[in-house]
Protein chains: 4
Amino acid sequence: MTAMQLGLIGLGKMGGNMRERIRRAGHTVIGYDRNPDRADVSSLAELVDKLEGPRVVWVMVPAGAPTQSVIDELAGLLEPGDTVVDGGNSRWTDDEKHAEELAARGIGFVDAGVSGGVWGLENGYALMVGGDAEHIAKVQPIFDALKPEGEAGFVHAGKVGAGHFSKMVHNGIEYAMMQAYAEGWELLESVGSVTDVREVFRSWQAGTVIRSWLLDLAVNALDEDEHLERLRGYADDSGEGRWTVEAAIDNAVPLPAITASLFARFASRQDDSPQMKMVAALRNQFGGHAVESAE
Amino acid sequence: MTAMQLGLIGLGKMGGNMRERIRRAGHTVIGYDRNPDRADVSSLAELVDKLEGPRVVWVMVPAGAPTQSVIDELAGLLEPGDTVVDGGNSRWTDDEKHAEELAARGIGFVDAGVSGGVWGLENGYALMVGGDAEHIAKVQPIFDALKPEGEAGFVHAGKVGAGHFSKMVHNGIEYAMMQAYAEGWELLESVGSVTDVREVFRSWQAGTVIRSWLLDLAVNALDEDEHLERLRGYADDSGEGRWTVEAAIDNAVPLPAITASLFARFASRQDDSPQMKMVAALRNQFGGHAVESAE
Amino acid sequence: MTAMQLGLIGLGKMGGNMRERIRRAGHTVIGYDRNPDRADVSSLAELVDKLEGPRVVWVMVPAGAPTQSVIDELAGLLEPGDTVVDGGNSRWTDDEKHAEELAARGIGFVDAGVSGGVWGLENGYALMVGGDAEHIAKVQPIFDALKPEGEAGFVHAGKVGAGHFSKMVHNGIEYAMMQAYAEGWELLESVGSVTDVREVFRSWQAGTVIRSWLLDLAVNALDEDEHLERLRGYADDSGEGRWTVEAAIDNAVPLPAITASLFARFASRQDDSPQMKMVAALRNQFGGHAVESAE
Amino acid sequence: MTAMQLGLIGLGKMGGNMRERIRRAGHTVIGYDRNPDRADVSSLAELVDKLEGPRVVWVMVPAGAPTQSVIDELAGLLEPGDTVVDGGNSRWTDDEKHAEELAARGIGFVDAGVSGGVWGLENGYALMVGGDAEHIAKVQPIFDALKPEGEAGFVHAGKVGAGHFSKMVHNGIEYAMMQAYAEGWELLESVGSVTDVREVFRSWQAGTVIRSWLLDLAVNALDEDEHLERLRGYADDSGEGRWTVEAAIDNAVPLPAITASLFARFASRQDDSPQMKMVAALRNQFGGHAVESAE
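The paragraphs below set out a description of the structure included in this document. Fair warning: this is a prediction, and the values are worked out from it, not measured in the lab. (Residues numbered from 1 in each chain as written. Chains lettered and ligands numbered in written order. Predicted model: local features only at pLDDT ≥ 70, side-chain atom pairs only at ≥ 80, totals over all residues. Heavy atoms only, no water.)

**Considering the overall build of chain A**
- In terms of helices and strands, chain A carries twelve helices and seven strands.
- C-alpha atoms of chain A, sized along the principal axes, occupy 75 × 45 × 40 Å.
- Across the 295 residues that make up chain A, the buried fraction comes to 63%.
- Contacts in chain A between residues at least 24 apart in sequence constitute 66% of all its contacts with a sequence separation of at least 6.
- Accessible surface for chain A amounts to roughly 10200 Å². Of this, 45% is attributable to carbon and sulfur atoms. (Helix = DSSP H or I, 4+ residues; strand = E, 2+ residues; numbered from the N terminus. Buried < 20%, exposed > 50% of the residue type's maximum accessible area, 1.4 Å probe, protein only. Contact = heavy atoms within 4.5 Å. Areas by Shrake-Rupley, 256 points an atom, 1.4 Å probe, with all protein chains shown as cover.)

Now the structure itself:
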C-alpha cells in the first residue's frame, strides 16, 4: 500500500470515525470542520494549501445546501487534476450537476454512498461509488482503507450518480427489512401463545432464512428493553426512503413494500391521523356509528 | 301488490326502521326483540304462532352466536314450506350451514345483505340476496317494500351465501372509497396553497369523476365541523372488511387498496405502534439515531 | 349574463368541446390550434389581435413544454390588464412560475383544473381554480358557462396553484376509487357462488353506500362486455396520480390506498415482473422450490 | 450426549435430509414413508413396534389431511408416555386439536416449526417449538442434533401452537425481506446510470445495514443468471404467508409490507389482471382513453 494524503471536510459522527479508520490504515488525513475543536485546519483554503497535488478532497457534510456550498468553494480553490469525493447523503440528481461544475475546471468528481453507521469504525464502511474509472483510481487507497476486510463492501456502480443511487436503494431496502421484522415482532407480541418473543428472535439468528445483521441488532435492542417499553412508536426518515419512492415513480416501478414502510413512518409521527378523522366522520354520517370525540 | 305477513326478529336501529318501511308499504309485521319495549310478541314461539303459513321470518340480529341461536330455535318452531331470511351481517360461510340445517326440516333459507344505514327508512335499502329462486319468490313483496324506488337496489346474486358475499364485497369497496376521500382530504389540508378545502369538496359534487353519495356525506360532515376538530382519528371496523381480505386470500386475489384501508383502521386504534417501536429501536442500534423515549 | 370574448388555445377533444359549450352559452370564442382545420385564426398573434382588451386567453394544451411555450409567446403578445387561464393538466409547481412570468408584464394568471372528460359538453365541467380574486372575476362568465347547472362544480380553491393542486388530488382519489371497484369486481368474479356479478354491480346503483358516477360507468362497461373479455388488464397513468404521491411524500402524508392504485397500474404494464423474478430466484435458492422458466 | 431412538414419518426432501443429520449425530432413526424405496419399515404399526418405549415419533408430512391422518393413526398405535412431534408446516390452529386428541390417550405433543431448506443438512435446522417442557425434554437430544452449532437456532416459544406460530411469522417476515430485495433490484435494473447491478448486490454483502443470508442467496442467483432472464416473474406461496396475514387480521395488527409481498405473488401468477381490466374499462368510459384490446 502506498500511503496518501486526504483532505476530509466534515468531522461529525460519521466523518470523525472515518478519519480515524483512514489514519489507522496509515494515510494522512487533514480534516476541516466548522467546529474548530475537531478541525486540523481553520479554513478550506488552508486545507487545500496543505495538500500536495494532485489532491483528493472528501466532502462529508449534510446533503443539499451545505454540500453545494462546499463544492462551490472547492471549485474555486482546487486545481486541474484534483479530485472531489462527495461521501454525504446527496440525492443522486445533484451529482451530475456537481460533476459538471468541477469538470469545467478540470477537477474530477466521484460520488460515494457510505453505509456503516456507528459500527463502521471497527467493521469498515460499505462503499458504492459512481464516476469515471480514472477519478476513482485516485481515491482507491482511501476506499480500501474504509471498506471492510474481504471481497465485498466496495463497488464501482456506474457513472456519476450511480454511487448515491445505489446507496439510496440500499436504504429503501433497509426500510422494508426493518418494517418486516417490526411487523413480525408486533404480531408475535399480540398473541398469548408465544410467551417469549425475544427468545424467538434470538433463535432466528442461526439456521433460518431471515438471519441478518438487522436481526442481530433487533436482538440487541430486545436485550436492552425486552418489550421496547422505553421507546415511543415514532420513526423519522432521512430522505433516501422518499427519494427511492420518487425514483420508482419516475421509472414506473411498483415498490409496494418499501413504500408501505415509508408511509408507516409518516403515520408514526402524527399525534392524530387527519385521514382517519374523515373515515370516522363518514362512518358517523351513514351509519350513526359511534365515533370518538376529541375531548 | 299483495299484502303479506312477516315475522321480524331483531328490532334495533336497523330492524326497527325496516319494520316501519315495510308497514308503510302495507304489509303486516309481527316483530320480536329481547327488549320487550320494542316487541309485538313476547317469544319466538308466539311470533311463529301468530303468523299464518307458509310463514316468512326475517332474522335481523348480530352475526355469529346470536344469529345461530335464533336459527336453531326457529328450526324447531317452523314447519315445512316456511322460509327464513337472514338479513344480518352474517359471514357468507355461515349461510350454507344454516340453509342445510333448515332444509333438513323442509324450511327454506335466503341470505340477504342489506345496505342503507340510517338513511334506509326514507331512501330504501339496497338488497343483495342469495338462495333458491323458489324461496326468494316468497319474500319478494318484502324485498320490494324495502328496496329503493326504481330499477336498482335489489339483486338475486346467486346461490345461498351469494347475498352476504356480495354485501361483504360492497363493504370492502366502501372501505377503500372512504380511505380514498380521506387521503385526499388530508393531503389538501396539509398544504398551504389550498385555503378552502371544504369548498373544494363541495365543488366536486357536480361534474367530476369522483362525485358520489359518500362525497355528499363528506360535505355534510365538513359543514358540521370544517376541520373535523371534534373527532379523533379513530375508526372501528365491523367484520366485513376483514372477511373481504380473507376471501381474497382464499382466492389468491390481490386487494391492495382495500387491505390498506383496513390496516389504516387497525393502526388508528393503537395508542402507540409496537411495530414502530421496533423500527425506532433498529434505527437507534445501527445509527445512533435520536429516538423518542416513552417518558 | 354579459356575453364576453374568449381566446382559446388548443382545440383537441377537450378544448373543442369546451369551445362548443361556451358558445352555446352565448359567448364569443376565437380558437387557435396548430391544426388549421380546427382553428379560427392562423396564429397566436392573430388571436390576440382579434380580441378586444382587456383580453382573456385560455390555454388548453398538454402540460410541460407545450404549455410553457404558449405562455412564453403570450407574455410577448398580451398587454397589461389581460388575463391568461391555464386549463390544462399542468403540475401545480409550474403555476407560480407562470404567474410570475406574466405578472412581470402586468398580465394576470389563473390556474384551472378541469374535470369532466367526454361527458363535459353536455353535463358541464367541474372547475377548480387558483389565483387572485381580481383575475378570476374577469373569467367568471366563462367559468359559469362551463360548469354544470346548480351550486357545485366550481371552486376558487386558493392562491395560484391551488386549482391544479385540487384537480391533482381529485385524480388521486379517482385512482383509488377505480381500484376499489376493480378489486371488488375481481373478487366477485373469482368465486363460484355469485353467478351474476354484473347484476350485483347494477343493484348497487341505488340505496347503497357505494353508489357513484364511477359505479354507473362500471355498469355501462359491463353492459358492453359482461366479463371485460375484450380488454387487456393494462392501465396507463396520466401524471396526476404520480404527482399526488410525490406531493404526499413532500408533506409526509401517508397515502396507502392511492399509492397502491398507482403501483397496480405500473405493474399492469409489465409483460413480466422483474421483481417477481428475483422472488422466484430466491425461493429457488433456499428451498429448491419449483420456478417457471422463461422458455 | 445420550443416543436415542426416533421414529420419523415422511422422508421427502426435508425429512430425508433430517434423518441423515440425526444419524450423523449418533441417534437411531427408524423411518417410514409411503414410498417403500425410502422407508425402513413398511407401516406405522411396524415403526411403533420397533421403537422402544417411551417412544418419540416425528411427523414430517404435508399439513392438513395428511398430517391429520398420521396423527389419528398414531393415536391408536402409541402408548401413554410416548411423544409425537409435528415438524411439518401445520397451521398453528391445528396444534391444540392434535394435542388434545393425543393427550386423551396420555400421549404428549410438541409442534416444531423447522427452517433451513436444502441447506439444513449441512448448516443445521432452526427449530421453533411449542408445548409442555416435559414433552420437549424427551425430544431435546433430537432437537440438539438438528439445530445449528452455537447458541441460536432453537427456541421453546411457548405453549402448544407457539412453535408453528413462530415459524409462520418467520415466513411472513421472509416474504417481505425477499420483496424488499426484489423491489430494490428492479429499481436498480430500471435506470441507466447503474451499470453493474450484480456487483452492487455483491458489494452489499459486507459492511452494509442490509447484509443477510438472503442477500448472499441473491448474489448466488445473479451469478448464475445475471439479469434473471431464464426465469419468469412468477412466485408461488406456500400457506404461511396467507396465515400470517389472517392471524394479523384476527388480532387487528396492521401488516402492510408483508401483505404487499403476498399480494405481489398473487398478481405474479395472473396471466392478465381482471381488476386492471376494470380500471381500463372505467378510464375508457369517462375519458375515451385508449385501452388495449385483448386481441
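**Thoughts on the sheet that holds strand E7 (residues 154-158) of chain D**
Residue and element names in this part refer to chain D.
- Pairing is mixed in the open sheet, where seven strands are placed in the order E2-E1-E3-E4-E5-E6-E7. A single partner strand is all that each edge strand has here, and the edge strands are strand E2 (28-32) and E7. Going across the sheet, the axis of each strand differs from the next one's by a mean of 25°, ignoring polarity.
- Where strand E5 (residues 108-115) meets strand E6 (residues 126-130), five bridges bridge the pair, whose relative direction is antiparallel. What sits directly across from Ser115, in E6, is Ala126.
- Along the sheet face, helix H3 (residues 65-77) touches strand E1 (5-9), strand E3 (56-59), strand E4 (83-86) and E5 and points at about 165° away from the line of E3.
- Against the sheet, helix H4 (residues 92-103) makes contact with E4 and E5, and its axis sits at roughly 150° relative to E5, the strand it touches most. (Pairing = 2+ DSSP bridges. Axes fitted to C-alpha atoms, helices over the stretch in contact; angles between N-to-C directions.)

**Notes on the pairing of strand E3 (residues 56-59) of chain C**
Residue and element names in this part refer to chain C.
- Both faces of E3 are covered, namely the face carrying Val56 and Trp58 and the face carrying Val57 and Val59.
- Where strand E1 (residues 5-9) lies against E3, three bridges are found, and the strand directions are parallel. Its bridge partner lying in E3, Ile9 is registered against Val59.
- You can see the chain leave E3, run along helix H3 (residues 65-77) and come back into strand E4 (residues 83-86), and the turn it takes is right-handed. (Right-handed = clockwise from strand over helix to strand, strands pointing away.)

**So, helix H11 (residues 256-268) of chain C**
Residue and element names in this part refer to chain C.
- With 13 residues, H11 extends 18 Å between its outermost C-alpha atoms, agreeing within 8% with the 18 Å of an ideal straight helix rising 1.5 Å per residue.
- Taking burial as the measure, the 13 residues of H11 include eleven buried ones, the bulk of the element.
- Where H11 is concerned, the buried positions are Ala257, Ile258, Thr259, Ala260, Ser261, Leu262, Phe263, Ala264, Arg265, Phe266 and Ser268. (Expected span 1.5 Å × (residues − 1).)

**Quick word on the interface of chain D and chain A**
- If you look at the interface, chain D gives 64 residues, while chain A gives 64 residues.
- Between chain D and chain A lies a buried interface of about 5300 Å² when both sides are counted; carbon and sulfur atoms form 73% of it.
- Summed over the three residues of chain D that lose the most area to chain A, namely Glu183(D), Leu187(D) and Val209(D), the buried surface amounts to 13% of that side.
- Seen at the junction of chain D and chain A, the total is zero salt bridges.
- Between the two partners, chain D and chain A, sit 18 residue pairs in polar contact (both at pLDDT 80 or more).
- Going through the elements one at a time, E6, E7, helix H7 (162-190), helix H8 (197-203), helix H9 (213-224), helix H10 (240-250) and helix H11 (256-268) of chain D are the ones with two or more residues in the side of chain D that touches chain A.
- At 18 residues, H7(D) tops the list of elements feeding residues into the side of chain D that touches chain A.
- Residues that form the side of chain D that touches chain A fall into these classes: 35 nonpolar, 21 polar and eight charged. (Buried area = accessible area lost by both parts, 1.4 Å probe. Salt bridge = Lys/Arg side-chain N within 4 Å of Asp/Glu carboxyl O. Polar contact = N/O pair within 3.5 Å; in protein donor to acceptor, adjacent residues only side chain to side chain. Nonpolar A, V, L, I, M, F, W, Y, C, P; charged D, E, K, R; others polar.)

**A few points about the interface of chain D and chain B**
- Every contact between the two is made by 21 residues of chain D and, on the other side, 21 residues of chain B.
- Buried area between chain D and chain B, both sides added, is near 1800 Å², and the carbon and sulfur share of it is 70%.
- The interface formed by chain D and chain B includes four residue pairs in polar contact (both at pLDDT 80 or more).
- Among the elements of the structure, H10, H11 and helix H12 (274-287) of chain D are those that each provide at least two residues to the side of chain D that touches chain B.
- Broken down by class, the residue content of the side of chain D that touches chain B amounts to 14 nonpolar, three polar and four charged.

**Regarding the packing of helix H9 (residues 213-224) of chain A against helix H12 (residues 274-287) of chain B**
- The contact between H9(A) and H12(B) brings their axes to 9 Å, and the two run at 105°. Here H9(A) lies roughly perpendicular to H12(B), going by the angle between them. Contacts from Trp213(A), Leu214(A), Leu217(A), Ala218(A), Asn220(A), Ala221(A), Leu222(A) and Glu224(A) of H9(A) reach H12(B) at Met278(B), Ala281(B), Leu282(B), Gln285(B) and Phe286(B). (Parallel < 35°, antiparallel > 145°, perpendicular 65-115°, else oblique.)

**Digging into the packing of aromatic side chains**
- Applying the stated criterion to the full structure yields 24 aromatic pairs over all chains.
- Plain terms: the ring middles of Trp119(D) and Trp213(D) are 5.6 Å apart, the flat faces sit at 85° to each other, and that makes the pair edge-to-face. Remark: Trp213(D) occurs in helix H9 and Trp119(D) occurs in the loop between E5 and helix H5 (120-123); sequence separation between them is 94 residues.
- Taken together, Trp58(A), Phe143(A) and Phe154(A) form an aromatic cluster joined through their ring pairs.
- The residue whose ring lies beneath Arg265(B) is Tyr175(B), and the NZ or CZ to ring-centre distance is 3.7 Å. (Phe/Tyr/Trp six-rings, centres within 6.5 Å; stacked < 30°, edge-to-face > 60°. Lys NZ or Arg CZ within 6 Å of the ring centre and 35° of its normal.)

On their own, these measurements won't tell you what the molecule is for.
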